[in-house]
Amino acid sequence: MDKIPVSIVRYDRPLEPVRRALELCGGLERIPARARVFIKPNIVFWTAKAAFPKWGVITTSRLVHDLVRLLKERGLDDLTIGEGMVLGAGKDKDTAEHAFESLGYNLLAQRYGVRVIDAFKRPFDRVDLGEGVELAFNRDALESDFIIDLPVMKTHAQTVVSLGIKNLKGLIDVNSRKTCHNADPERDLHFHVARLDRALPPVLTLIDGTYTAEYGPGFDALVHRSDILAASWDVLAADMAGAALLGHDPAEVPHLVHAARIRGRGPDMAGLEIRGERIEDLARYHNWSFPYNEDDSLPLPLAKKGLQGLAYYKYDNTLCTYCSDANGAVLTAVARAWEGRPWDRVEVLTGKRMEPRPGAGKTILLGKCMYQLHKDNPRIKEMIPIKGCPPKPDQIVQALHRAGIKVDPRFFQEMETLPGMYLKRYAGRPEFEESHFRVE
């Protein structure tokens, strides 16, 4: 059986490394001139309120631009760039447009005739992905002839790595995303993510490792300048190589194991032919799981800060993206609110599976799912629900104040400026180039 080609090249200048990566993995020749091509970048987060670190979070505009130029060289004219961004409010129509403008996608539209779409403004169609899984996908992607998948090379706090397959999650609607984060321990997030490419047109994956991130996928990640590209016409093969470049054995990444099983393949790299650079020359271990104390009752930074009287249990893979965003903000606000006096046996439950523990005096249920699970639970001494989906800032403040944790309400009123705090990590580090997120 022929091995699957995966190319790995150093992305140390514009255009030519992208051309080489594509040529080594089989090239663009299989895409006919009249084909409809859907380009899927990775835009995990955006805010128009403040500058924030994009490195290792968002696909570089340089790569998007290079790819469009190469496609136009091939005579391809029907090109669409599309993404379904994570937005705090379902009616938000402006943030995606601001992102597309800022990242230069609208300039690509003017210069090359590329169509740029917000997936959430377009229709979705439900698709059977096998084994009883149905998810709703963006119709533009479904009706294209080819998809070119441009993930960032990063680890992920719930899925170990976030690469080509995981990036396709940006093509499904909100309800489908919540379905992926369900409470079934067998048919869980990994089970669902593994099949995201199953009903799509052929997918060419080109992983952007200009910057690689550990403790991803967000702006609080620890980011490295790595200058790597990995590409393959087989998305699982690309992801296996990407995982190895991040220092992880693909056989220990649950959604890649599921994806290999679906294809009737093993979860190892024996079936891959690596072309270009050697993985062992470029691989660097990237952490993925945020550190907690020994009993997973507090994030390690909070435990080291000396917080007492609070159990804020470690997230699991049932915590969906929308509550996850709120979760990070709550942890930051709680850390700021600590004044050295123990709180009164407060516990915070998140996701869809967590259970209250004995000895808790007050139980905060973060999000609609937690509330629905435990609203009639007699084991909870004092229930403090935050029922929103996602939780609203004022609900969070009221709940924490009721629990005796006097967070500053202004912090939640200014949440969209919080990511800007992380820019100080990059001060005086010229290897982190803002120009990579512009189209010149």
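The structure reproduced in this document is the subject of the present report. (Residues numbered from 1 in each chain as written. Predicted model: local features only at pLDDT ≥ 70, side-chain atom pairs only at ≥ 80, totals over all residues. Heavy atoms only, no water.)

As a further point, take helix H1 (residues 16–24). Side chains of residues three or four places apart in an α-helix project in the same direction, reflecting 3.6 residues per turn. Where H1 is concerned, the buried positions are Pro 17, Val 18, Ala 21, Leu 22 and Leu 24. Each buried residue of H1 sits inside an arc of 165° when the element is viewed along its axis, so together they form one side. In this fold, the buried residues of H1 make contact with strand S1 (4–10), helix H2 (61–73), strand S10 (203–214), strand S11 (222–232) and strand S12 (272–276). (Buried < 20%, exposed > 50% of the residue type's maximum accessible area, 1.4 Å probe, protein only. Helix = DSSP H or I, 4+ residues; strand = E, 2+ residues; numbered from the N terminus. Arc of directions from axis to C-beta. Contact = heavy atoms within 4.5 Å.)

Scanning the model with the defined rule gives 32 salt bridges in all. Among the salt bridges present, the one from Glu 433 reaches Arg 225, with a minimum N-O distance of 3.2 Å. In this pair, Glu 433 sits in the segment after helix H16 (409–413) while Arg 225 sits in strand S11, placing the two residues 208 residues apart along the sequence. Residues Arg 402 and Glu 382 are paired through a salt bridge, measuring 3.6 Å at the closest nitrogen-oxygen approach. Here Glu 382 lies in the loop between helix H14 (368–374) and strand S16 (383–386) and Arg 402 lies in helix H15 (residues 393–402), a separation of 20 residues in the sequence. Bridged by salt links that share partners, the residues Glu 16, Arg 19 and Glu 73 form one connected network. (Salt bridge = Lys/Arg side-chain N within 4 Å of Asp/Glu carboxyl O.)

Our next topic: the sheet that holds strand S15 (residues 362–366). Spatially, four strands are ordered S13-S14-S15-S16 in an open sheet, and the strand pairing comes out parallel. Among the strands making up the open sheet, the edge pair consists of strand S13 (310–312) and S16. Looking at each pair of strands side by side, their axes are set apart by 15° on average, direction ignored. As judged from the three bridges shared by S13 and strand S14 (residues 346–349), these two strands associate in the parallel manner. Residue pairing in the sheet places Tyr 312 in a bridge with Val 348 of S14. Taken strand by strand, helix H13 (residues 321–337) contacts S13 and S15, and its axis lies near 155° from that of S13. (Pairing = 2+ DSSP bridges. Axes fitted to C-alpha atoms, helices over the stretch in contact; angles between N-to-C directions.)

It is worth spelling out the packing of H2 against helix H4 (residues 105–112) at this point. With their axes 11 Å apart at the nearest point, H2 and H4 run at an angle of 15° to one another. In terms of their interaxial angle, H2 and H4 are classed as roughly parallel. Once H2 is placed against H4, the crossing between them reads as right-handed. Every residue of H4 that contacts H2 at Ser 61, Val 64, His 65, Val 68, Arg 69 and Lys 72 is listed here: Tyr 105, Leu 108, Arg 111 and Tyr 112. Among the residues making up the contact of H2 with H4, the classes are represented as five nonpolar, two polar and three charged. (Parallel < 35°, antiparallel > 145°, perpendicular 65-115°, else oblique. Left-handed = near helix turned anticlockwise from the far one by under 90°. Nonpolar A, V, L, I, M, F, W, Y, C, P; charged D, E, K, R; others polar.)

Counting buried residues in S1 gives five out of seven residues, a clear majority hidden from the surface. Looking at chain direction, S1 and S12 are connected through five bridges and run parallel. The residue bridging Pro 5 from the neighbouring strand is Glu 273, located in S12. The sheet contact formed by S1 and S11 spans four bridges and is antiparallel. Looking across to S11, one finds that Ser 7 is bridged to Ala 231.

Relative to the helices and strands, Glu 83 resides in strand S3 (residues 78–83). Distance from Glu 83 to Val 116, taken between C-alpha atoms, is 8.7 Å for residues 33 residues apart in sequence. Discounting residues that sit within four places of it in the chain, Glu 83 has contacts with Lys 40, Pro 41, Asn 42, Ile 43, Phe 100, Ile 117, Asp 118, Ala 119 and Gly 170.

Our focus in this paragraph is the side chain of Asp 234. Looking at the element boundaries, Asp 234 is found in the loop between S11 and helix H9 (235–245). Asp 234 gets classed as buried once you look at its relative accessible area, which sits at 17%. In contact with Asp 234, not counting residues within four places along its chain, are Ile 4 and Arg 265.

Grouped together as the largest cluster of nonpolar side chains are 56 residues, with contacts concentrated most on Ile 31, Leu 71 and Leu 206. By residue number, the principal contributor to this core is H2, which donates six residues. Setting aside anything within four residues of it in sequence, one finds Ile 31 in contact with Val 37, Arg 74, Leu 76, Phe 146, Ile 148 and Trp 233. Judged by nonpolar contacts, the second largest core, of 48 residues, contains Phe 191, Val 235, Ala 238 and Ala 259. (Core = buried A, V, L, I, M, F, W, Y, C linked by side-chain atoms within 4.5 Å.)

Turning our attention to the packing of aromatic side chains. Both the distance between ring centres and the angle between the ring planes are used here to describe each pair of aromatic rings. On inspection of all chains with the given rule, the structure shows 16 aromatic pairs. Ring geometry for Phe 146 against Trp 233: centres 5.9 Å apart, planes inclined by 75°, an arrangement best described as edge-to-face. With Phe 146 in strand S7 (residues 146–149) and Trp 233 in the loop between S11 and H9, this pair connects stretches of sequence that are 87 residues apart. Counting every residue linked through ring pairs, the aromatic cluster contains Phe 45, Trp 46, Phe 52, Phe 219 and Tyr 422. The ring centre of Tyr 322 lies 5.9 Å from the NZ or CZ of Lys 178, which sits over that ring. (Phe/Tyr/Trp six-rings, centres within 6.5 Å; stacked < 30°, edge-to-face > 60°. Lys NZ or Arg CZ within 6 Å of the ring centre and 35° of its normal.)

Along the chain, the position of Ser 232 falls in strand S11. Its relative accessible area of 1% is what places Ser 232 among the buried residues. A distance of 3.0 Å separates a polar side-chain atom of Ser 232 from the backbone oxygen of Pro 5. Among residues more than four places away in sequence, those in contact with Ser 232 are Ile 4, Pro 5, Val 6, Cys 25, Val 203, Leu 204, Thr 205, Ala 237 and Ala 238. (Polar contact = N/O pair within 3.5 Å; in protein donor to acceptor, adjacent residues only side chain to side chain.)

Further remarks concern the packing of H9 against helix H10 (residues 254–263). Running from N to C, H9 and H10 point in directions that differ by 150°, and their axes come no closer than 11 Å. It follows that H9 is roughly antiparallel to H10 by the angle criterion. The crossing of H9 and H10 is left-handed. Every residue of H10 that contacts H9 at Val 235, Leu 236, Asp 239, Met 240 and Ala 243 is listed here: Leu 256, Ala 259, Ala 260 and Arg 263. The residue inventory of the contact of H9 with H10, partitioned by class, reads seven nonpolar, no polar and two charged.

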